[in-house]
Amino acid sequence: LADSERRALRLATRVRPTLRKLVRGIWPGPVTLVFQAVPGLPRCCYRQGKIAVRVDADRETRRLAKLAGGLLLSSSLNRRSGRTAVPGRKLHLRWHRHLSTCLPGGSGSGKASKIILIHGEEIRPIRA
């Protein structure tokens, strides 16, 4: 989670005009972008050299990200079913060593966010 579009785009290896245009139309909002990430981030941030990032619509989430230095590492509760999971005991036990806190759900819709893959000039929805 990034505090701003500018901060989020600093994570991309290449910021093409199509990416900038897309970002202006969707952020802040419930859309996660997956793109090739700059080197030097903690290993847990990458998956096959890519990073998933969102500038959340919730003002308090962005404020918290800003207070944390501009970025928050977050575990997604979005599942393939399209519903947002409720973090239970099993998830807390699995992540307790990595998380310093767990925030209660906010004013979200309860629906999973959209995920869009950016690969060069290709823009492909992974989850709409």
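Model, not experiment: these values are computed from the prediction. (Residues numbered from 1 in each chain as written. Predicted model: local features only at pLDDT ≥ 70, side-chain atom pairs only at ≥ 80, totals over all residues. Heavy atoms only, no water.)

K.L.:
Help me out: how do you make sense of the overall build of the chain in this one?
P.N.:
Counting secondary structure elements, the chain contains 4 helices and 4 strands. Start at the N end of the chain and walk to the C end: the helices and strands fall as α-α-β-β-α-α-β-β. For the chain, with 128 residues in total, the buried portion stands at 29%. A separation of at least 24 residues holds for 57% of the contacts in the chain among residues at least 6 apart in sequence. If you sum the accessible surface of the chain, you get close to 9,300 Å²; carbon and sulfur atoms cover 53% of it. (Helix = DSSP H or I, 4+ residues; strand = E, 2+ residues; numbered from the N terminus. Buried < 20%, exposed > 50% of the residue type's maximum accessible area, 1.4 Å probe, protein only. Contact = heavy atoms within 4.5 Å. Areas by Shrake-Rupley, 256 points an atom, 1.4 Å probe, with all protein chains shown as cover.)

K.L.:
How do you make sense of the nonpolar core when you look at a structure like this?
P.N.:
Side chains that are nonpolar tend, in soluble globular proteins, to be buried together. In this structure, Leu19, Trp27, Leu33, Phe35, Val53 and Ile118 are the most contacted members of the largest nonpolar core, which totals 20 residues. Only helix H1 (5-9), helix H2 (17-26), strand E1 (31-36), strand E2 (50-53) and strand E3 (114-119) provide two or more residues apiece to this core. The dominant element in this core, judged by the number of residues it contributes, is H2, at 4 residues. The residues contacting Leu19, other than those within four sequence positions of it, are Leu9, Ala12, Arg14, Leu33 and Ile118. (Core = buried A, V, L, I, M, F, W, Y, C linked by side-chain atoms within 4.5 Å.)

K.L.:
What exactly am I supposed to notice about the sheet that holds E2 here?
P.N.:
Sheet strands pair via backbone hydrogen bonds, and the direction of the pair is either parallel or antiparallel. Pairing within the open sheet is mixed, and its 4 strands lie in the order E2-E1-E3-E4. Bordering the open sheet on either side are E2 and strand E4 (122-127), each of which pairs with just one other strand. Taking each pair of neighbouring strands and ignoring which way they run, the sheet shows an average axis angle of 25 degrees. Both E3 and E4 contribute to a ladder of 5 bridges, which runs antiparallel. (Pairing = 2+ DSSP bridges. Axes fitted to C-alpha atoms, helices over the stretch in contact; angles between N-to-C directions.)

K.L.:
Looking at this model, I keep getting lost on the confidence of the model for the chain. Mind explaining?
P.N.:
Detail in the predicted coordinates should be disregarded across regions flagged by low pLDDT. In the predicted model, the chain carries a mean pLDDT of 82, and the fraction of residues at 70 or more is 73%. Averaged pLDDT values over the elements of the chain bottom out at 69 in helix H4 (residues 89-95) and peak at 96 in H1. (pLDDT = per-residue confidence, 0-100.)

K.L.:
Sorry if this is basic, but what is going on with the environment of Pro30 here?
P.N.:
Positionally, Pro30 belongs in the loop between H2 and E1. Among the residues examined, Pro30 registers a relative accessible area of 55% and is labelled exposed. Separated by 28 residues in sequence, Pro30 and Asp58 have C-alpha atoms that sit 9.2 Å apart. Excluding anything up to four places from it in sequence, Pro30 contacts Arg54, Ser113 and Lys114.

K.L.:
I'm lost on the pairing of E3 in this one. Help?
P.N.:
For a regular strand, the rule is simple: side chains alternate between the two faces of the sheet. Here 4 bridges tie E1 to E3, and the two strands are oriented parallel to one another. Bridge pairing links Thr32 to Ile115 in E3.

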